[in-house]
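Residues per chain, in single letters:
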Amino acid sequence: MALHIIVTAKQVIDPEMPAAALSIDATGTQVITPATFPPVLNGFDEYALEAALRLKDSQGASITVVAVGAQLNLEIMRKALAIGTDRLVLCQDSAFANLTDSAVTAHILAAAIRKIGAFDLIICGRQASDWDNAQVPLFLAELLNLSCLTLGQKVEATTDKVIVEQLVPDGFVVAEAPLPALVTVSNEIGEPRYPTMRHIMAANRKRPTIWKSSDLDLDPALLTPNLEVMELFFPERTVQCEFLEADDAAEAGRQLARKLREVGLI
């Protein structure tokens, strides 16, 4: 039988947005972005989609994409369908706003995945580009009682196990786990594919499944964060420039070395 793969995806602030375009709200706890810079699909989640699509290409699979948020941009999330996935599930509710606690996000995803039903493999990006916590996949694996293989640069699967090349500082190791399992992937998996016209047209015909908090039978207590953002701020930067004057390059080099030793840089 073909695998059923679930890929988690997150809508994030465009990491290419210049810092000057960002601002912080009056509470000091939320980032405000201008309308001229729409959100994007998290980059590492695009690699997760690519890993799933390669499995679909090589051995056949159905791919369900799951996202969580308060105001998900449908056009952004449809990109997952436009590259060849089969189903898009959006967990969208005002109760899911400002999810800074990874455990809360994982509880929502776990509830959605239980509602989806049987699956063989969950693939996640290694981390999100907004908070860079890399915690949600680990929480999710724990909640669903799954083996978790992280930092994959290659993912293969048989009918009963997943085999992953896991990145380590000096290369990679090959690990495997019985299915169902959860895998996180990194950009070493390879460049994500671009949408094709055929898949774009197919995506426009597909209607995403939208679930509210009430549809997921979530205990309200699980939506109460244990992590609170106290303050967001732009770091203050001071720049001090000093010019060294010398008669020739050799003397300039000696002065520079002396100065660097004085301030403890060498």
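If you're wondering where the values come from, they're calculated on a predicted model, not measured in any experiment. (Residues numbered from 1 in each chain as written. Predicted model: local features only at pLDDT ≥ 70, side-chain atom pairs only at ≥ 80, totals over all residues. Heavy atoms only, no water.)

### What about helix α1 (residues 43-59)?
So the rule is basically this: In this text, helices come from DSSP runs of H or I with a minimum length of four residues, and strands from runs of E with a minimum of two, each type numbered from the N-terminal end. The length a helix should cover is 1.5 Å for every residue beyond the first. Exposure classes here rest on a 1.4 Å probe applied to the protein chains alone. A residue is buried below 20% of its type maximum, exposed above 50%, and partly exposed in between.
The end-to-end C-alpha separation of α1 is 25 Å, in line with the 24 Å expected for 17 residues at 1.5 Å each. Taken residue by residue, α1 has F44, D45, E46, Y47, A48, L49, E50, A51, A52, L53 and L55 as its buried positions.

### A look at the sheet that holds strand β6 (residues 61-69)
Condition: One bridge is not enough; two strands pair if DSSP finds at least two bridges between them. Lines fitted to C-alpha atoms define the axes here, with helix axes fitted over just the stretch in contact, and angles between the N-to-C directions of these axes take values from 0 to 180 degrees.
The strand order β11-β10-β9-β12-β8-β1-β6-β7-β13 describes an open sheet built from 9 strands, whose pairing is mixed. On the outer flanks of this sheet lie β11 (171-178) and β13 (209-211), each paired with one strand and no other. Each strand axis lies, on average, 35° off the axis of its neighbour in the sheet, ignoring direction. Note: strand β9 (residues 147-157) against strand β10 (residues 161-168), 5 bridges, orientation antiparallel. Bridging across to β10, K154 finds its partner in E165.

### Observations regarding the environment of P192
Definition in use: Only heavy atoms enter the contact rule, under which two residues are in contact if any of them lie within 4.5 Å.
Residue position: P192 is located in the loop between β12 (181-185) and α6 (197-205). Considering only alpha carbons, one finds P192 and I113, 79 residues apart in sequence, at a separation of 24 Å. What P192 contacts, discounting residues up to four positions off in sequence, is E46, Y47 and E50.

### Overview of the pattern of salt bridges
Operational definition: One side-chain nitrogen of Lys or Arg within 4 Å of one carboxyl oxygen of Asp or Glu is enough to make a salt bridge.
Tallied over the entire structure, the rule returns 10 salt bridges. Across the salt bridge formed by E251 and R254, the nearest N and O atoms sit 2.9 Å from each other. A residue pair is termed a helical-turn pair when its members lie 3 or 4 positions apart in one helix, as E251 and R254 do in helix α7 (residues 249-262) at 3 residues. When its relative accessible area of 23% is taken as the criterion, E251 is described as partly exposed.

### Points about the packing of aromatic side chains
Stated precisely, the cut-off is as follows: Pairs were defined over the aromatic rings of Phe, Tyr and Trp, the Trp ring being its six-membered one, requiring ring centres within 6.5 Å. Orientation was assigned from the angle between planes: stacked under 30 degrees, edge-to-face over 60, tilted for the rest. Consider the ring centre and the ring normal. A charge sits over the ring if Lys NZ or Arg CZ is within 6 Å of that centre and within 35 degrees of that normal.
In the structure shown here, the tally under the stated rule is 1 aromatic pair. Between the aromatic rings of F44 and Y47, the centroid separation amounts to 6.3 Å while the plane-to-plane angle is 50°, which identifies the pairing as tilted. In this pair, F44 and Y47 both sit in helix α1, 3 residues apart, roughly one turn of the helix. As far as the burial class goes, F44 and Y47 line up, both buried. One cation-aromatic arrangement involves K115 over W211; the distance from NZ or CZ to the ring centre is 5.2 Å.

### Let's talk about the pairing of strand β8 (residues 121-125)
Along any regular strand, the residues point their side chains to alternate faces of the sheet. For β8, the buried fraction is high: 5 of the 5 residues fall into the buried class. Side chains of β8 alternate between two faces, with L121, I123 and G125 and I122 and C124 buried alike. As defined by bridge partners, strand β1 (residues 3-9) adjoins β8 across 3 bridges and the pair is classed as parallel. Counted as the bridge partner of V7 is I123 from β8. Examined bridge by bridge, β8 and β12 share 5 bridges and lie parallel to one another. Paired with I122 across the two strands is L182, which belongs to β12.

### Structural notes on the side chain of T8
Considering the arrangement of structural elements, one finds T8 in strand β1. Residue T8 is classed as buried on the basis of its relative accessible area, which comes to 8%. In this structure, T8 is in contact with D45, V66, L109, I122, I123, C124 and L140, ignoring residues within four places of it in sequence.

### Notes on the pairing of β1
Counting buried positions over the 7 residues of β1 gives 7, a clear majority of the element. Of the two faces of β1, both are covered, the one formed by L3, I5, V7 and A9 as well as the one formed by H4, I6 and T8. Strand direction decides the pairing type here: β1 and β6, joined by 7 bridges, are parallel. The residue of β6 that forms the bridge with V7 is V65.

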